[in-house]
Amino acid sequence: MIRAISYTGKLLGIVDFIETSWDRKWSEPGEFMVYMTLEEYNRLEALGMKYIENIERPEMGIIQKTEYSKGNEGAFITVSGHFIEKLLDFGAYRKTHVLSAATSAEVKSSIISYINNANAAVVVDGVSYKPLANVTINPDSLFPESADVSIDEFEQMGTALYEIISGTEFGIQAKIETFPEENEDGAIGLSVLFKKGRHLTDGESGIFFGKAYNNVDDMSYTLDESAEACLYEIVQEVEADYYSKFSSSYFPIKYTEVADGTTKYYIGCTYFYSGNQPTKIGNCYPKRILPTTLSSDECDLKITTTANQQKIRNLMQKKAQLDMLDHYKVESIEVNIIQNKYEYIRDYDLGDTCVVLIDDMEQMYHAKIEKVNETHKDNMIEIQLVLGTPSKQKWRRG
């Protein structure tokens, strides 16, 4: 059931739509689309429609694009946009933010500090402008036990928050706490819930998808190793006065280059991750050279104590890990679900890790539900799951 919400947060009622897509995502803001008659759109637009809600789903969509079309069958409108999490990108921070935390409480504290900076007001000609009224942390939030992430300067706030929890079991869910008033005074305020996906892979609580369970219609598996890189040399320019003081124990790569008569000094370290090596190619290791530009907010390149050299090396290797996300093997499973033994939302949901059996390949995987693509049409709902980074398990013969 699809409902329309006004820009002030008022429920406007059920939308008489022709087709709706509701694409939920775990690691980035989701998207939606609603296709309706022009008459229905005009009715809702006159009431101040700005948001779309899908009953029993936690997300709310903000209308960001409106398209009109007219043909032999009449005039129609398509509204589309992202879920509310995308509004977190209204904020940004001009400086690098280093999040180095050893406890979940420290992770939370550092995230709050970053949000306050990214959502800070900007004064223009004596007038103060703020991206969002406020951004608070939902008290039910759960956080990773540790974090060691450097958020680049100028990053948009929402992108940065997803980056902080990238590669973990955690996701983000935002909710509007305050709306503008009818005269458009006031502003949107957000509450952010950090949540952890469940592991549903064992025993009675396990969720299994496969032909043998009569709960899948179509299934596809993709493995793309074309962009993989597992081996890195990371290099950083330093000042000539400090170049010789960097130890080869931490920086086995040291060299100079002359450009336009000026000598430049570089230190470098290495990084290797076997999990991103292409399969069945023997001892071949695709390599990338990554130049870094560490900022003064991250570290001081003029301090060459052992502790600081270790810190510099760790930061450079973190940059390689982030770069690897763009050069990682792409492995995913797509499943069209039949609501049979397990019920969507009640038994499994976005972010949960489930078991997928591909009988024809005699393969079994544990994989996290990264996306749920819902299509609402003709009083029916089609559900497609996209499960990312599958972990291969031992095949169980029937």
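Note that the structure is predicted; figures quoted are calculated from it, not measured.

Conventions we followed
Residues numbered from 1 in each chain as written. Predicted model: local features only at pLDDT ≥ 70, side-chain atom pairs only at ≥ 80, totals over all residues. Heavy atoms only, no water. Phe/Tyr/Trp six-rings, centres within 6.5 Å; stacked < 30°, edge-to-face > 60°. Helix = DSSP H or I, 4+ residues; strand = E, 2+ residues; numbered from the N terminus. Buried < 20%, exposed > 50% of the residue type's maximum accessible area, 1.4 Å probe, protein only. Arc of directions from axis to C-beta. Contact = heavy atoms within 4.5 Å. Pairing = 2+ DSSP bridges. Patch = residues over 30% accessible without salt bridge, like charges linked within 9 Å, V, L, I, M, F, W, Y side chains within 5 Å. Areas by Shrake-Rupley, 256 points an atom, 1.4 Å probe, with all protein chains shown as cover. Salt bridge = Lys/Arg side-chain N within 4 Å of Asp/Glu carboxyl O. Axes fitted to C-alpha atoms, helices over the stretch in contact; angles between N-to-C directions.

Draft legend 1. Representation of the packing of aromatic side chains in the model. Taken as a whole, this structure holds 16 aromatic pairs when the rule is applied. Note on Trp 22 and Phe 32: the rings are 5.8 Å apart at their centroids and 45° apart in plane angle, and the pair reads as tilted. Residue Trp 22 is found in strand β3 (residues 17–25), and its partner Phe 32 is found in strand β4 (residues 31–37); the two are separated by ten residues along the sequence. With respect to burial, Trp 22 and Phe 32 carry one shared label: buried. Taking 6.3 Å as the distance between ring centres and 80° as the angle between the ring planes, the aromatic pair formed by Tyr 93 and Tyr 114 counts as edge-to-face.

Draft legend 2. Region of interest: the environment of Ala 240. Secondary-structure assignment places Ala 240 in helix α4 (residues 240–243). Classification of Ala 240 as partly exposed rests on a relative accessible area of 41%. Between the alpha carbons of Ala 240 and Glu 31 there is a distance of 50 Å; along the sequence they are 209 residues apart.

Draft legend 3. Representation of helix α1 (residues 38–46) in the model. Regarding α1, the residues found buried are Glu 40, Tyr 41 and Leu 44. The buried side chains of α1 occupy one side of the element, clustering within an arc of 100° when seen end-on. Pointing more than 90 degrees away from the buried face of α1 are the exposed residues Glu 39 and Ala 46. Where α1 is buried, its residues contact β1 (2–6), β2 (11–14), β4, β5 (49–54), β7 (65–71) and β8 (74–82). The first or second residue beyond α1 is Gly 48, which carries a positive phi of 95°.

Draft legend 4. Broad picture of the pairing of β2. Note: β1 against β2, three bridges, orientation antiparallel. Bridging from a neighbouring strand, Arg 3 pairs with Ile 14 of β2. Connecting β1 to the next strand, β2, in antiparallel fashion are four residues, including Gly 9 with a positive phi near 90°.

Draft legend 5. Spotlight on a nonpolar patch on the surface. A surface patch of nonpolar side chains, amounting to about 340 Å² of accessible area, comprises Val 122, Val 124, Val 127 and Tyr 129. At the level of elements, β10 (122–124) and β11 (127–129) are the ones that each hand at least two residues to the nonpolar patch. Owing to a relative accessible area of 48%, Val 122 belongs among the partly exposed residues under this scheme.

Draft legend 6. Up close: the environment of Pro 286. Here Pro 286 is to be found in the loop between β20 (262–272) and β21 (287–292). Here the alpha-carbon distance between Pro 286 and Glu 153, two residues 133 residues apart in the chain, equals 29 Å. Ignoring any residue separated from it by four or fewer positions in sequence, one finds Pro 286 in contact with Glu 228, Ala 229, Cys 230, Leu 231 and Pro 278.

Draft legend 7. Seen up close, the sheet that holds strand β12 (residues 134–137). Spatial strand order, β12-β15-β14: three strands in an open sheet with mixed pairing. The open sheet is flanked by β12 and β14 (170–178), the only strands paired with a single partner. Direction aside, neighbouring strands of the sheet carry axes that sit 25° apart on average. Relative to strand β15 (residues 189–196), β12 runs parallel, the two being bridged by four bridges. Bridging from a neighbouring strand, Val 135 pairs with Leu 190 of β15. Helix α2 (residues 104–118) rests against β12 and β15 of the sheet, and its axis sits at about 175° to β12.

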